[in-house]
Amino acid sequence: MNDRIDETPRFGSCYCRAVSFRVIGQPLRVGICHCADCRKTSGSAFSAYAVWPVSAYEQTGQVGTYGNRSFCVTCGSRVTWVHDGEAEVMIGSLDVVPTDLAPEYELWVGRRENWLHPLPQARQFDHDRDTATEPAPLEPGQPDRPRNVEIPPA
Ligand SMILES: [Zn+2]
Ligand SMILES: [Zn+2]
């Protein structure tokens with residue numbers, strides 16, 4: 001999704017709009033995660049997110065962080081997690097609905113709700129992305145690394 005110059009801005013915000021952001025161009029990748037952490041932190045059955053280089057991302061408002069998730073300190077909505085040169089934007093925080101973004105992969109599919117089905121176009125991963133076999137569209141100079149190190153439940 002990153003093969004052309006695209007200056008398209010997208011705008012997003014939390015539920016109370018105290019946190020707002022702008023992101024430019026196409027994301028590096030778009031995914032869905034069904035892991036236990038994403039379930040708990042979202043309170044939903046999965047999280048859907050798109051990742052941009054942090055250089056394409058601008059944010060205003062006060063954000064708290066717990067673990068590797070960020071949230072609006074006023075309304076508690078999960079908002080963009082910025083780390084290691086990337087901004088992981090929650091798709092549900094984007095202002096235009098529906099978005100034109102479609103997940104390319106699904107993580108932790110063993111925890112997908114039984115009433116959900118694999119997305120036909122999305123790569124399926126038992127756990128986190130297998131970055132060794134993926135043509136990772138990282139920016140030059142950014143180290144590749146596992147995303148979301150998850151601890152399986154006991
Ligand atoms: Zn808020
Ligand atoms: Zn997850």
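Above this text you will find the structure in question.
Reading the values: rules and limits
- Residues numbered from 1 in each chain as written.
- Chains lettered and ligands numbered in written order.
- Predicted model: local features only at pLDDT ≥ 70, side-chain atom pairs only at ≥ 80, totals over all residues.
- Helix = DSSP H or I, 4+ residues; strand = E, 2+ residues; numbered from the N terminus.
- Buried ≥ 20, exposed ≤ 12 C-beta atoms within 10 Å, placed from the backbone.
- Contact = placed C-beta atoms within 7 Å.
- Pairing = 2+ DSSP bridges.
- Axes fitted to C-alpha atoms, helices over the stretch in contact; angles between N-to-C directions.
- Core = buried A, V, L, I, M, F, W, Y, C linked by C-beta atoms within 7 Å.

## Points about the overall build of the protein
When you go through the protein residue by residue, the secondary structure sums to one helix and twelve strands. Listing each helix as α and each strand as β along the protein from the N terminus yields β-β-β-α-β-β-β-β-β-β-β-β-β. A burial count over the protein gives 27% of its 154 residues as buried. Within the protein, contacts between residues at least 6 apart in sequence are counted, and of these 55% link residues at least 24 apart.

## Considering the sheet that holds strand β10 (residues 86-90)
With respect to topology, six strands assemble into an open sheet ordered β9-β10-β4-β3-β11-β12, the strand pairing being mixed. Because the sheet does not close on itself, it has two edges, and the strands there are β9 (81-83) and β12 (123-124). With five bridges connecting them, strand β3 (residues 29-33) and strand β4 (residues 47-53) associate as antiparallel partners. Of the residues in β4, the one forming a bridge with R29 is V51.

## Concerning the sheet that holds strand β2 (residues 20-24)
With antiparallel pairing, the three strands of this open sheet are ordered in space as β1-β2-β5. Bordering the open sheet on either side are β1 (9-13) and β5 (57-60), each of which pairs with just one other strand. Strand after strand, the sheet turns through a mean of 15° between neighbouring axes, direction not considered. As defined by bridge partners, β2 adjoins β5 across four bridges and the pair is classed as antiparallel. Residue pairing in the sheet places V23 in a bridge with Y57 of β5.

## Comments concerning the nonpolar core
Among the nonpolar cores identified, the biggest contains 26 residues, and V23, C33, Y49, A50, V51, W52 and V89 are the most heavily contacted of them. Breaking this core down by element, the ones donating at least two residues are β2, β3, β4 and β10. Sorting elements by how many residues they give to this core places β4 first, with five residues. Apart from the residues lying within four places of it in its own chain, the contact partners of V89 are G12, V23, Y49, A50, W52 and T80.

## Looking at the pairing of β3
For a regular strand, side-chain orientation follows a simple rule: the groups alternate between the two sheet faces. Burial of β3 is extensive: five of the five residues sit out of reach of the surface. Residue alternation in β3 divides its side chains into two sets, R29, G31 and C33 and V30 and I32, and both sets are buried. In the sheet, β3 pairs with strand β11 (residues 105-107) via three bridges, with the strands oriented parallel. Residue G31 lies in a different strand from β11, and its bridge partner there is Y105.

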